[in-house]
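Below, each chain spelled out in residue letters.
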Amino acid sequence: MNNKTIRAIKGTQDILPEESIKWQSLEDQIRKITSHYGYHEIRTPAFEKTKLFSRSVGEETDIVSKEMYSWTDQGGEDLTLKPELTASVARAFIQHNLGRINPINKLYYIDALFRRERPQKGRYRQFHQFGVEAFGSEHPEIDAEVIALAISIFKSLGLEGLKLNLNSIGSPECRINYRAALQKFLKPHFSELTETSQKRFNDNPLRILDTKASHEIKILEDAPNISDYLTNEDQTHFNEVIEYLDILEIQYKLMPRLVRGLDYYTRTTFEITSSNLGAQNAICGGGRYDGLTEMLGGKPTPGIGFAAGMERVLLLMKSKQFNKNKVQIYIVSLGEKTRATVIKLAQDLRNQSLNTEFDLLRRSLKAQLKEANKMNVKYAIIIGDKELESNQLEVKDFLTGNQQKVELNKIIEHMNSLSF
Ligand code: AMP
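Residues numbered from 1 in each chain as written. Predicted model: local features only at pLDDT ≥ 70, side-chain atom pairs only at ≥ 80, totals over all residues. Heavy atoms only, no water.

1. Description of helix α14 (residues 365-374)
Listed in full, the buried residues belonging to α14 are Gln368, Glu371 and Ala372. All buried residues of α14 lie within an arc of 100° about the axis, which places them on one face of the element. Away from the buried face of α14 by more than 90 degrees, exposed residues Lys366, Lys370 and Lys374 are located. Where α14 ends, the next residue or the one after it, asparagine 376, has phi of about 65°, a positive value. (Buried < 20%, exposed > 50% of the residue type's maximum accessible area, 1.4 Å probe, protein only. Helix = DSSP H or I, 4+ residues; strand = E, 2+ residues; numbered from the N terminus. Arc of directions from axis to C-beta.)

Here it is as structure tokens:
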């Protein structure tokens with residue numbers, strides 16, 4: 001490759017045919033399982049007004065403060081490539097009044113996101129998520145349903161070694177008290193905290209619980225638990241979520257440190273991790289956000305959802321699950337006169353939903369048969385001048401090696417009667 005060759009941007013990936021087969025299987029499975037649970041797809045634009053994310057994701061988060069791809073366009077508007085989906089889906093939900101049309105809206109998405117993070121295995125600058133957002137119910141049934149849906153998708157993909165971590169962060173009222181208790185606990189350790197945590201201490205101390213610094217994790221071992229600050233209603237809600245998960249035989253681990261720092265998050269939070277992924281072990285994060293629509297200027301509407309990283313899920317999927325779109329029939333032809341018949345026959349077979357190929361390089365008979373063999377086709381149809389004159393084509397079964405003569409005007413019917 002010389003230095004004039006243009007390469008893809010760091011942290012982005014081309015998905016080549018061998019890989020896209022895997023993506024398609026994953027997407028098929030997502031569409032299938034979400035439909036069992038009554039979810040419908042929503043697609044939102046690749047970019048939005050920057051203020052949508054600064055307002056909903058939060059100015060002080062890593063995403064908004066340092067990872068967004070933002071620019072001012074020719075019309076002077078501040079725009080950003082989507083770094084996450086919940087904000088866009090909530091914006092669309094409000095804009096199109098979906099809550100007025102249906103009391104419950106169960107939406108799913110499969111989409112590309114952009115964050116300027118440090119690229120490493122399982123972490124990219126353009127990556128993909130699938131996820132769901134369910135608007136309209138505050139009741140714990142939907143919390144359990146959303147978690148069950150995530151688990152069902154992962155199970156159907158054959159993923160192993162998954163763990164569901166679960167917590168409730170209660171309502172904003174209970175978090176005021178918890179926040180004060182956490183600050184009181186951390187105050188004597190303030191000088192030991194990282195710069196980032198020191199910054200978060202006043203604005204958003206709950207986010208200190210997300211730290212990856214081992215000395216901070218150690219300090220936090222004795223920190224107060226949010227579970228001790230839940231209101232009675234919050235506790236009842238959480239108990240019911242847990243009861244439903246037990247009924248559904250879904251195993252979980254209670255994780256009192258699993259929090260989300262923004263005010264619109266409420267009650268249930270969860271994450272799903274895999275022991276087979278190394279450092280970037282989170283495959284899915286989710287939770288309830290009853291305050292979000294109101295914060296974006298909509299009517300207060302309870303909501304809950306999750307987002308799962310598709311690249312990480314694909315790393316965990318075993319190759320046996322992927323079905324290649326195999327070529328079923330190869331038309332082997334020889335001679336100039338056969339070309340018109342071949343292109344028409346290929347079209348007719350394809351119209352019958354049969355995956356059909358023919359030679360586009362005008363190669364020798366031997367080379368074409370070799371190609372058909374390499375493609376692992378089930379049948380070849382052989383047409384030369386002789387076959388064209390007699391209107392009798394040869395159909396070769398690659399599995400048995402048998403060859404049979406079939407009339408040209410009966411070939412479609414014949415190929416349709418074969419098993420592939
Ligand atoms: P988040 O939107 O940050 O809660 O992330 C949800 C899921 O998206 C994570 O559990 C990961 O599986 C995945 N994810 C987040 N950031 C990246 C990234 N930069 N590259 C690949 N996957 C990511």
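Now that the structure has been shown, we can carry on.
2. A look at the site of the ligand
Close contacts around the ligand come from 13 residues, with Arg115, Glu117, Tyr124, Gln129 and Ala282 the closest. Take arginine 115: an N or O atom from its side chain is 2.9 Å from an oxygen atom of the ligand. For the ligand, an oxygen atom lies 3.3 Å from a polar atom in the backbone of glycine 309. When contributions to the shell around the ligand are tallied by element, the ones reaching two or more residues are β6 (126-135), β10 (282-288) and β11 (303-309). Of all the elements, β10 adds the most residues to the shell around the ligand, at three residues. Its residues placed into classes, the shell around the ligand shows six nonpolar, three polar and four charged. (Near = heavy atom within 4 Å. Polar contact = N/O pair within 3.5 Å; in protein donor to acceptor, adjacent residues only side chain to side chain. Nonpolar A, V, L, I, M, F, W, Y, C, P; charged D, E, K, R; others polar.)

3. Here's the deal with the sheet that holds strand β3 (residues 70-72)
Neighbouring strands of a sheet are bound in pairs by backbone hydrogen bonds; such pairs are parallel or else antiparallel. Across the sheet, which stays open at both edges, the three strands sit in the order β2-β4-β3 with antiparallel pairing between neighbours. Because the sheet does not close on itself, it has two edges, and the strands there are β2 (47-49) and β3. For this sheet the average axis-to-axis angle between neighbouring strands, irrespective of direction, equals 30°. For β2 and strand β4 (residues 78-81), the ladder comprises three bridges, and the chain directions are antiparallel. Paired with phenylalanine 47 across the two strands is leucine 81, which belongs to β4. (Pairing = 2+ DSSP bridges. Axes fitted to C-alpha atoms, helices over the stretch in contact; angles between N-to-C directions.)

4. Some words on the side chain of arginine 312
Among the secondary structure elements, arginine 312 is positioned in helix α12 (residues 310-316). Of the buried charged residues, arginine 312 lacks a salt bridge, with glutamate 117 as the closest side chain of opposite charge at 6.0 Å. Looking at arginine 312, its side chain comes within polar contact range of the main-chain oxygen of alanine 282, at 2.9 Å. Discounting residues that sit within four places of it in the chain, arginine 312 has contacts with Gly122, Arg123, Leu277, Gln280, Ala282 and Ile283. (Lys, Arg positive; Asp, Glu negative; His and termini not counted. Salt bridge = Lys/Arg side-chain N within 4 Å of Asp/Glu carboxyl O. Contact = heavy atoms within 4.5 Å.)

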